[in-house]
Amino acid sequence: MKLRLPRLHCTNLLALPAALLMIATRGQAEPLPLERAIRLALAHSTGAAIANADVQRTFASYRELRNNYLPQLIAGSGLGWTYGYPLTIEGSPPALFNVVAQSSVVNPSQRQFLKAAKIEWHASEVQDKDQRNAVIQDVALTYAELAKWEARLVRLQQDEVEAQKMEQAVTERLREGVDSAVDLNKAKLIAARVRLHRAEARGSADVLRRHLSTLTGLPVSSIELAPETIPALPPVAEEEDLSKQAIATSPAVRLAEQHSLAEAMRASGEHRALYPSIDFSAQYARFSTFNNYTRYFPIGTFQRDNATVGFGIRIPLFNASQRARADAAEAEALKAKKQAEAARNRVAEETLKLQRAAEQLEAAREVAQLEYQLAQSGLEAAQTRVDAKTGTLHELADARVQAAERFLLFQDADFEYQRIRMTLLRATGDLEKWALPGAASTNPASK
């Protein structure tokens, strides 16, 4: 029987101009390479801004303790009415004008607290770098997954056209008594599955495009991917142990170690609060004549301008409360030390799992790719047989379904490998060097 070409539905003809308009609109948009998307996200990221604000906060806390060694100048007045002997007002005698200067000179406890604050400041810089890597990973994964769904949409559009042709061809063959109603239902099922996969791909692509727009700050309509700009992922060597590299570069480990060291410094500071300390103090005051000073000081010996400069020496003799506070700080330091050990062990185990998973997924991706190539070859062979009048229409339909399924499986396996491999790159500290080649070495945040 001669095979007739089927006609497309009117709804498809109406949808064709809309599809062409969408393609033309996107064609006017400038392609967005992955590197530019990452740079825009780093500049636009709220998480990075929060991490940077945390760095500024810890640096300000460090400066607060450091500036205790600089004299603090306070100027004011202690005006007041006096009955009898002039008593103090907030610790100072009544004066028209006074200036007070105070600062630490020798304070072993303060020095240890200052070291702890400096360590916390540098630890927040490590956290800032980790947040930067999180933004890079989020953009790279979103970009790669969106590229996957867009490629799938292109393939599914072709499959949908072929499925509709097949459905109409089987309908005509049913009218002529060649095919049965079961064959028609099979053709409809194939077309329905294609529409389902297409709806899934379109929905996922829209969500990912919106997320990429949120990350980069670009309008959704102006985002046009350039999948060829995604750098090739480096292979994973089976004999290479990436756990040591991950421990050496992991922000989580460095944060835990820095926190442990800071807690040890604080514990030492609490113990040194029992040591002697020396503070500098100076005060100038100009007294008034209406506060009864002349009544209690002989005439000729009272002077209105007065100044005191000296050092305050404190020698703790007994302070049980401070000793208990020091013991509690010692326990916190021990806890932080054990948490750092646990962080190292956890990172080592997770990195090993990621490495083995990447090796497995790389092999799975190769298998899926070969299966897809074989299915595609089978489809081409079936098409050739149909063109030569030696094959059946149903053999072609089965080969097309198998090729489509293998294509979807290959895409899923490929993206899953990309996801695990990017996660492993972040764990070993190589993500920024991969995503932004040539820029990571010159970026202070990457050091």
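Chemist: Would you explain unusual backbone geometry in this entry?
Modeler: In terms of backbone geometry, most residues other than glycine have negative phi values and most peptide bonds are trans. Not every positive phi belongs to a glycine, and Asn292 is a case in point at roughly 65 degrees. Positive phi, normally seen in glycine, also occurs at Lys389, with a value near 65 degrees. Overall, Lys389 belongs to the exposed group, its relative accessible area being 67%.

Chemist: Teacher, can you tell me more about the sheet that holds strand 3 (residues 97-106) here?
Modeler: Each strand in a sheet pairs with another by means of backbone hydrogen bonds, the pair being arranged parallel or else antiparallel. The strand order across the open sheet formed by four strands is 2-3-5-6, and the pairing between neighbours is antiparallel. The open sheet has two edge strands, strand 2 (72-76) and strand 6 (305-314), and neither has a second partner. For this sheet the average axis-to-axis angle between neighbouring strands, irrespective of direction, equals 15 degrees. When strand 3 meets strand 5 (residues 277-286), the two strands line up antiparallel, connected through nine bridges. What sits directly across from Val100, in strand 5, is Gln283.

Chemist: Help me understand the pairing of strand 6 in this model?
Modeler: Each regular strand displays side chains that alternate between the two surfaces of the sheet. The buried count for strand 6 comes to zero of ten residues, which makes it a mostly uncovered element. In the sheet, strand 5 pairs with strand 6 via ten bridges, with the strands oriented antiparallel. Looking across to strand 6, one finds that Ala285 is bridged to Asn306.

Chemist: Looking at this structure, I do not really get the packing of helix 3 (residues 46-66) against helix 4 (residues 108-175). What am I missing?
Modeler: Axes are the key here: two packed helices are described by the angle between their axes and the distance separating the axes. It is the contact of helix 3 with helix 4, at a shortest axis distance of 9 Å, that shows an interaxial angle of 170 degrees. Taken together, the axes of helix 3 and helix 4 lie roughly antiparallel to each other. For the pair formed by helix 3 and helix 4, the contact residues are Gly47, Ala48, Ala51, Asn52, Asp54, Val55, Thr58, Phe59, Tyr62, Leu65 and Arg66 on the first element and Gln110, Phe113, Leu114, Ala117, Lys118, Glu120, Trp121, Ser124, Glu125, Gln127, Asp128 and Gln131 on the second. The class makeup of the residues in the contact of helix 3 with helix 4 is ten nonpolar, seven polar and six charged.

Chemist: Would you take a moment to explain the packing of helix 7 (residues 251-272) against helix 9 (residues 320-387) for this structure?
Modeler: With their axes 8 Å apart at the nearest point, helix 7 and helix 9 run at an angle of 165 degrees to one another. In terms of their interaxial angle, helix 7 and helix 9 are classed as roughly antiparallel. In the crossing of helix 7 with helix 9, the sense of the turn from one axis to the other is left-handed. Partitioning the contact of helix 7 with helix 9 into residue classes produces twelve nonpolar, five polar and ten charged.

Chemist: What exactly am I supposed to notice about the nonpolar core here?
Modeler: Generally speaking, nonpolar side chains in soluble globular proteins are found buried as a group. Core analysis: the largest hydrophobic core is formed by 48 residues, its most contacted members being Ile38, Val139, Tyr143, Leu212 and Trp434. Among the secondary structure elements, those contributing two or more residues to this core are helix 2 (34-44), helix 4, helix 5 (181-216), helix 9, helix 10 (393-427) and helix 11 (431-435). It is helix 4 that contributes the most residues to this core, 13 residues altogether.

Chemist: I keep staring at the environment of Glu35 and nothing clicks. Help me out?
Modeler: Note that Glu35 resides in helix 2. Taking the C-alpha atoms as reference points, Glu35 and Pro231, separated by 196 residues in sequence, lie 9.5 Å from one another.

Chemist: Could you clarify how one ought to interpret the side chain of Lys148 in this entry?
Modeler: Considering the arrangement of structural elements, one finds Lys148 in helix 4. Accessibility expressed as a relative area gives 11% for Lys148, which makes it buried. Only 3.4 Å separates the side chain of Lys148 from the side chain of Asp412, close enough to count as a polar contact. Those residues in contact with Lys148 that lie beyond four places of it in its chain are Gln411, Asp412 and Phe415.

Chemist: Looking at this structure, how should I read the side chain of Asn292?
Modeler: As for its position among the elements, Asn292 is in the loop between strand 5 and helix 8 (293-296). Since its relative accessible area comes to 15%, Asn292 is described here as buried. Sequence-distant contacts of Asn292, that is, excluding residues within four places in its chain, are made with Thr82, Tyr83, Gly84 and Pro86.

Chemist: Before we go on, may I ask you to explain the confidence of the model for the protein chain in this structure?
Modeler: In regions of low pLDDT, the predicted coordinates are not meant to be interpreted in detail. Overall, the predicted model of the protein chain reaches an average pLDDT of 87, with 91% of residues at or above 70. Taken as a whole, residues 1-27 scores under 50 in pLDDT and shows 17 contacts with residues more than four places along the chain or in a different chain.

Chemist: Honestly, the pattern of salt bridges in this entry has me stumped. Any pointers?
Modeler: A side chain of one charge can pair with a side chain of the opposite charge when the charged atoms of the two come close. Here the structure, examined in full by the defined rule, presents 22 salt bridges. We note a salt bridge from Asp279 to Arg314, for which the minimum N-O separation is 2.7 Å. Here Arg314 lies in strand 6 and Asp279 lies in strand 5, a separation of 35 residues in the sequence. Residue Asp279 is classed as buried on the basis of its relative accessible area, which comes to 17%. Residue Arg314 is classed as partly exposed on the basis of its relative accessible area of 43%. Salt bridges here are not isolated pairs; linked through shared partners, they connect Glu120, Glu263 and Arg266.

Chemist: Got a minute to help me understand a nonpolar patch on the surface in this structure?
Modeler: Together, Val105, Val106, Phe311, Ile313, Ile315, Leu317 and Phe318 line one region of the surface with nonpolar side chains, adding up to about 830 Å² of accessible area. For the nonpolar patch, the secondary-structure elements that each account for two or more residues are strand 3 and strand 6. Position of Leu317 relative to the elements: it lies in the loop between strand 6 and helix 9.

Chemist: What is the right way to look at helix 4 in this model?
Modeler: In an α-helix, one full turn covers 3.6 residues, which means residues spaced three or four apart are oriented alike. With 68 residues, helix 4 should cover 100 Å at 1.5 Å per step; its first-to-last C-alpha distance of 98 Å lies within 8% of that length. Backbone geometry just downstream of helix 4 places Gly177 in the positive-phi region, at approximately 80 degrees.

Reading the values: rules and limits
- Residues numbered from 1 in each chain as written.
- Predicted model: local features only at pLDDT ≥ 70, side-chain atom pairs only at ≥ 80, totals over all residues.
- Heavy atoms only, no water.
- Buried < 20%, exposed > 50% of the residue type's maximum accessible area, 1.4 Å probe, protein only.
- Pairing = 2+ DSSP bridges.
- Helix = DSSP H or I, 4+ residues; strand = E, 2+ residues; numbered from the N terminus.
- Axes fitted to C-alpha atoms, helices over the stretch in contact; angles between N-to-C directions.
- Parallel < 35°, antiparallel > 145°, perpendicular 65-115°, else oblique.
- Contact = heavy atoms within 4.5 Å.
- Nonpolar A, V, L, I, M, F, W, Y, C, P; charged D, E, K, R; others polar.
- Left-handed = near helix turned anticlockwise from the far one by under 90°.
- Core = buried A, V, L, I, M, F, W, Y, C linked by side-chain atoms within 4.5 Å.
- Polar contact = N/O pair within 3.5 Å; in protein donor to acceptor, adjacent residues only side chain to side chain.
- pLDDT = per-residue confidence, 0-100.
- Salt bridge = Lys/Arg side-chain N within 4 Å of Asp/Glu carboxyl O.
- Patch = residues over 30% accessible without salt bridge, like charges linked within 9 Å, V, L, I, M, F, W, Y side chains within 5 Å.
- Areas by Shrake-Rupley, 256 points an atom, 1.4 Å probe, with all protein chains shown as cover.
- Expected span 1.5 Å × (residues − 1).

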